[in-house]
Amino acid sequence: DESPILVDKRQGYRVITLNRPQRLNSFTESMHHALKAALDDAQADSTCRALMITGAGRGFCAGQDLNDRLAKPGETIVLGGTLEEFYNPLIRKLRDLPFPVVAAVNGVAAGAGANIALACDIVVAAQSATFLQAFSKIGLVPDSGGTWFLPRLVGPARARGLALLAEPLPAQKAKDWGLIWECYPDDELIGQGNELCERLAAGPTYGLSLIKRALDASETNDLKTQLDLERDLQRSAGSSPDYAEGVKAFMEKRAPNFTGK
Ligand code: T3D
């Protein structure tokens, strides 16, 4: 299939595959447009309660396609514009989607590709995958949230090493450092990703979306503000049908049947 983005609609969730394997799924404008459309479409579908993002072929994503980054004589390429138009809205969108997003990192995740994975709610990786802040190799600054995610996930010393040295971080070490959730043998990755999505899609989606909001806000809130926010979000969660079902199921010693509302 030639489409740069493939969408597989499953029961309760969707799998989005970045599909430019010959270029390690690096981003072109048309791939950005296709991904945005796929994410908008998933959000508009009330039966979609989780999402998996993975890559076709041997890579997850090598960030920006550098083929169109060699300026011709007399031409100026303004990179900030690409961030403003595509990458930044993409990162915000992944954080703001009202259901969990799983990145199933099947191979190398480099440049913006690494940080798009880190923007997802749960990152799982194949043992052979690597995470590479490739930017400094070509004179750029980690973008797509890299300078925000890295110190928060692995601490300032490791964040600086990763960003300044641009060495590939193998998946197992990424897990040991707390950069990602789990690392699986290569042939188990997609099965595990599907299992996670099935589990999340059967969860109390509205409550899960509030958890995403609370954790994002905690990155900048002080404790007092965060306690107030938890109170407010708990009020919302507490008036949801899924909360009522959760308590009822607990009392009846059975598995809850959440509707996502
Ligand atoms: O608007 C803006 O530009 C600002 C936004 C910036 C966001 C960014 O993401 S900047 C960072 C861009 N990405 C990179 O710098 C990574 C470049 N790629 C690599 O360093 C290596 O390819 C990898 C470490 C990811 C993988 O290495 P390896 O040895 O496994 O594979 P390879 O042979 O290098 O790549 C396979 C093919 O994919 C190859 O093509 P070929 O020779 O078989 O025809 C290679 O050129 C192509 N490819 C890989 N990454 C990119 C790419 N082609 C275009 N753009 C890429 N980013």
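Predicted model only: the values in this text are computed from it and were never measured.

Trainee: It is not clear to me how helix α4 (residues 146-154) should be interpreted in this structure. Could you clarify?
Mentor: For α4, the complete set of buried residues consists of Gly146, Phe149 and Leu150. Projected down its long axis, α4 shows its buried positions confined to an angular sector of 100°, all on one face. Against the buried residues of α4 lie α3 (112-119) and α5 (156-165).

Trainee: How do you make sense of the sheet that holds strand β6 (residues 108-110) when you look at a structure like this?
Mentor: Note: strands within a sheet are paired through backbone hydrogen bonds, in either parallel or antiparallel orientation. Strands sit in the order β4-β6-β8-β9 across an open sheet of four strands; the sheet is mixed. Both edges of this open sheet fall to β4 (59-61) and β9 (169-170), since each of them pairs with a single strand only. For β4 and β6, the ladder comprises two bridges, and the chain directions are parallel. By the bridge assignment for β6, Cys61 is matched with Ala109. Here α3 sits on the sheet in contact with β4, β6 and β8 (130-132), set at roughly 100° to β6.

Trainee: Looking at this model, I keep getting lost on the domain arrangement of the protein chain. Mind explaining?
Mentor: The extent of an interface is frequently quoted as the accessible surface area lost upon association of the parts. The assigned domain composition of the protein chain is domain 1 (5-201) and domain 2 (205-251). On a C-alpha basis, the centres of domain 1 and domain 2 stand 27 Å from each other. Taken residue by residue, the interface counts eight residues in domain 1 and six residues in domain 2. For the side of domain 1 that touches domain 2, the class distribution of residues is four nonpolar, no polar and four charged.

Trainee: Explain the packing of helix α2 (residues 79-96) against α3 here, please?
Mentor: Closest axis-to-axis distance for the α2/α3 pair is 9 Å, and the angle between their directions is 25°. In terms of orientation, α2 lies roughly parallel with respect to α3. Where α2 abuts α3, its residues Tyr87, Leu90, Ile91, Leu94 and Arg95 lie against Ala112, Ile116 and Ala119.

Trainee: What is the right way to read helix α9 (residues 223-238) from this model?
Mentor: Residues three or four positions apart in an α-helix share a direction because the helix packs 3.6 residues into each turn. With 16 residues, α9 extends 22 Å between its outermost C-alpha atoms, agreeing within 8% with the 22 Å of an ideal straight helix rising 1.5 Å per residue. Burial analysis of α9 places just one of its 16 residues in the buried class, a small minority of the element.

Trainee: Explain the nonpolar core to me, please; I cannot follow it from the model alone.
Mentor: Buried together is how nonpolar side chains tend to be arranged in soluble globular proteins. Core analysis: the largest hydrophobic core is formed by 65 residues, its most contacted members being Leu51, Val102, Val105, Ala109, Ala117 and Ala125. Look past the residues within four positions of Val102 in its chain and what remains in contact with it is Ala50, Leu51, Met52, Cys120, Asp121, Ile122, Val124, Gly193, Leu196 and Cys197.

Trainee: So what exactly am I meant to see when it comes to the site of the ligand here?
Mentor: Within the structure, the ligand sits among 23 residues, and Ala62, Gly63, Thr82, Gly111 and Ala112 are positioned closest to it. At the level of secondary structure, the elements contributing two or more residues to the shell around the ligand comprise α2 and β6. The dominant element in the shell around the ligand, judged by the number of residues it contributes, is α2, at three residues. Class assignment for the residues of the shell around the ligand results in 13 nonpolar, six polar and four charged.

The rules behind these values
- What you see as residue numbers is a count from 1 along each chain, following the sequence as written.
- Selection of residues for local features in this predicted model requires a pLDDT of at least 70, selection of side-chain atom pairs for listing and counting requires 80 or more, and totals for whole chains, interfaces and linings are taken over all residues.
- Residue burial is a threshold on neighbouring C-beta atoms within 10 Å of the residue's own C-beta, all placed from the backbone, with 20 or more meaning buried, 12 or fewer meaning exposed, and counts in between meaning partly exposed.
- For the purposes of this entry, the term helix denotes a DSSP run of H or I that reaches at least four residues, the term strand denotes a run of E that reaches at least two, and both are numbered from the N terminus.
- What the arc describes is the spread of directions from the helix axis to the C-beta atoms.
- C-beta atoms are placed from the backbone for every residue, and two residues are taken to be in contact when these atoms lie within 7 Å.
- At least two DSSP bridges between two strands are required for those strands to pair.
- Think of each axis as a best-fit line through the C-alpha atoms, taken over the contacting stretch in the case of a helix, with angles from 0 to 180 degrees between the N-to-C directions.
- Residue ranges assigned to the domains are those given by an automatic or database domain assignment.
- Three residue categories are used. Nonpolar comprises Ala, Val, Leu, Ile, Met, Phe, Trp, Tyr, Cys and Pro, charged comprises Asp, Glu, Lys and Arg, and polar comprises the others, including Gly.
- What sets the label is the angle itself: under 35 degrees gives roughly parallel, over 145 gives roughly antiparallel, 65 to 115 gives roughly perpendicular, and the rest give oblique.
- One less than the number of residues in a helix, times 1.5 Å, gives the span that helix is expected to have.
- By definition, a nonpolar core groups buried Ala, Val, Leu, Ile, Met, Phe, Trp, Tyr and Cys residues that are joined through C-beta atoms within 7 Å.
- In this entry, near means the residue's backbone-placed C-beta atom lies within 6 Å of the molecule or strand.

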